[in-house]
Amino acid sequence: MDPRYDVLDDAARLARVFVDGLAERSVGAQAGIDELRAALSAPLGEQGEDARTVISDLVGSADPGLIASAGPRYFGFVIGGSLPAAMAADWLVSAWDQNGGGFDASPSLSVVEEVAARWVREVLGLPADCGVGFVTGCQMAHFTCLAAARHGVLRDAGWDVEAEGLQGAPRIRVITGAQAHVTVDVACRLLGLGAGRIERVPADDQGRMLPDALERMLAEGNGPAVVCSQAGEINTGAFDPFQDVVAVCREHGAWCHVDGAFGLWAAASPSRRRLLAGAQEADSWATDGHKWLNVPYDCGIAAVADAGAQRAAMTSTSAYVPEHAEDVPWGFDWSPEFSRRARGVPVYAALRSLGRAGLADLVDRGCDLAARMADGLAQADGVEVLNEVVLNQVLVRFDDDDTVTDAVIDGVQRDGTCWLSGSTFGDRRVMRISIVGWQTSERDADLSVAAILAAVCDARKTG
Ligand SMILES: Cc1ncc(COP(=O)(O)O)c(C=O)c1O
């Protein structure tokens, strides 16, 4: 064994200590920015250091600022953990160090990703022949899908956007629900579609797009149009009424995109997939692996029904890259990166280790535990759950008061039993609870409810 690689054993051992301790450590960071800078920002030396020293120092210095977001009681933003098989596969992706951009650069991992893409289509109920690209996250999945949309709607208008760009092109209308996730705006910005030009369809009190309003908006104009709907609103977890939304898009020849960063995984659960009725008829879907599938960062997935549009928007040719048949997997045909890590490999490992039943259980558990926490909290005086808990998201408000609500969030974060963040819903401050981690149990949910209610008592005493 080459001793230069002994550091890998160190890393495996140290990683094991970290993941084994996730359930016990304080969920939030224990060090602030000044402390972390002091510990980590040494001047770069002229001479290199021993790899084992680098890694042990890195772990020691970083540890106090690490968050137990991969653990069982982290409910902030929408952040999943890492299934053991997925984490191990991810380590191997680094050790193998293959370029996932093309078959010739990594035949095995290209085929693993091809299989992972097939399984993703199956579990999400997407068309068997849709294009699938593995990207860094849902923002880049939007970028990829909307680049395909831009190609598709302009192709239909007789314009080759890849060759000609947008200058002089027919104008593309982009329409989203009023509560679309900000990453849709960023994707529009990056694609030259102009975030400021997005037209917003009113939504109901759960953030669901109103299809009649969409219909009226689409009827007001003609020409290329892209509608961005959503499965899983960031605060409430609500789903747009896809059957109506897709039908309206069809009637007006608009491309229908779905932001399903976490909500698309409801398709894997027989008892929840009704929430997505009609979504599978859309034109493109953006989702994440690093949220509910519990693969390590980073992993987003971009799927497009018109695989030709996705490929046309993403692929490139170059004299030094071999020509390849359509059915040979080359990652760069489907995602914006030319070279990249083979992030579909952890997806393969996660899906294989879960199986269909395990994936359904993972989704159902997140939803059931969200309902359990909502019930446990709503029983206390002055605690109100503001959303319909249809999925894994719970919005809680305390004493119908912004200051108390923020004080409770702050208290919970300092306590460290669990971690969750705040948001503004309508014009009111709320605590957001999001459950996507594979480790969360009923006990974790109950411990967290108790910690939140204790923070409510403290906030009332000090307020
Ligand atoms: C609904 C929705 N869309 C998009 C995103 C962005 O995902 P990512 O952070 O992977 O880019 C999120 C992130 O939470 C989300 O909840």
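Residues numbered from 1 in each chain as written. Predicted model: local features only at pLDDT ≥ 70, side-chain atom pairs only at ≥ 80, totals over all residues. Heavy atoms only, no water.

(A) Highlighting helix 6 (residues 138-156). For helix 6, built from 19 residues, the straight-helix expectation of 27 Å at 1.5 Å per residue is met to within 8% by its first-to-last C-alpha distance of 26 Å. Most of helix 6 sits out of view: 16 of its 19 residues are buried. (Helix = DSSP H or I, 4+ residues; strand = E, 2+ residues; numbered from the N terminus. Expected span 1.5 Å × (residues − 1). Buried < 20%, exposed > 50% of the residue type's maximum accessible area, 1.4 Å probe, protein only.)

(B) The sheet that holds strand 2 (residues 173-177), seen in detail. Spatially, the seven strands line up as an open sheet ordered 1-7-6-5-4-2-3, and their pairing is mixed. Of all the strands in the sheet, the pair left with one neighbour each is strand 1 (131-135) and strand 3 (199-201). Strand-to-strand twist across the sheet, computed as the mean angle between neighbouring axes with direction ignored, equals 20 degrees. Across three bridges, strand 2 lies against strand 3 in parallel orientation. Bridge pairing links Thr176 to Arg200 in strand 3. (Pairing = 2+ DSSP bridges. Axes fitted to C-alpha atoms, helices over the stretch in contact; angles between N-to-C directions.)

(C) Representation of unusual backbone geometry in the model. Note that the residue after Tyr297, namely Asp298, is joined by a cis bond; omega there is 0 degrees. Summarising the element assignment, Asp298 is placed in the loop between strand 6 (284-288) and strand 7 (300-304). For Phe77, which is not glycine, the phi torsion reads 45 degrees and is therefore positive. Along the chain, Phe77 falls in the loop between helix 3 (51-62) and helix 4 (84-96). Of note in the backbone geometry, Asp400 takes a positive phi value of approximately 45 degrees without being a glycine. Its location among the elements puts Asp400 in the loop between strand 9 (393-398) and helix 13 (402-415).

(D) Spotlight on the sheet that holds strand 8 (residues 383-385). Within the open sheet, the four strands sit side by side as 8-9-11-10. Their pairing is antiparallel. Each of the sheet's edge strands pairs with one partner strand only, and the pair in question is strand 8 and strand 10 (421-425). Across the sheet, the mean angle from the axis of one strand to that of its neighbour is 40 degrees, orientation sign disregarded. Relative to strand 11 (residues 428-434), helix 13 is tilted by about 30 degrees, and along the sheet it contacts strand 9, strand 10 and strand 11. (Contact = heavy atoms within 4.5 Å.)

(E) Fine view of the side chain of Asp240. One can find Asp240 in the loop between strand 4 (225-230) and helix 10 (242-251). Notably, Asp240 is buried but unbridged: the nearest opposite-charge side chain belongs to Arg208, and the N-O separation is 7.0 Å. For Asp240, the side chain forms a polar contact with the main-chain nitrogen of Met209, separated by 2.8 Å. Sequence-distant contacts of Asp240, that is, excluding residues within four places in its chain, are made with Gly207, Arg208, Met209, Ser229, Gln230 and Val245. (Lys, Arg positive; Asp, Glu negative; His and termini not counted. Salt bridge = Lys/Arg side-chain N within 4 Å of Asp/Glu carboxyl O. Polar contact = N/O pair within 3.5 Å; in protein donor to acceptor, adjacent residues only side chain to side chain.)

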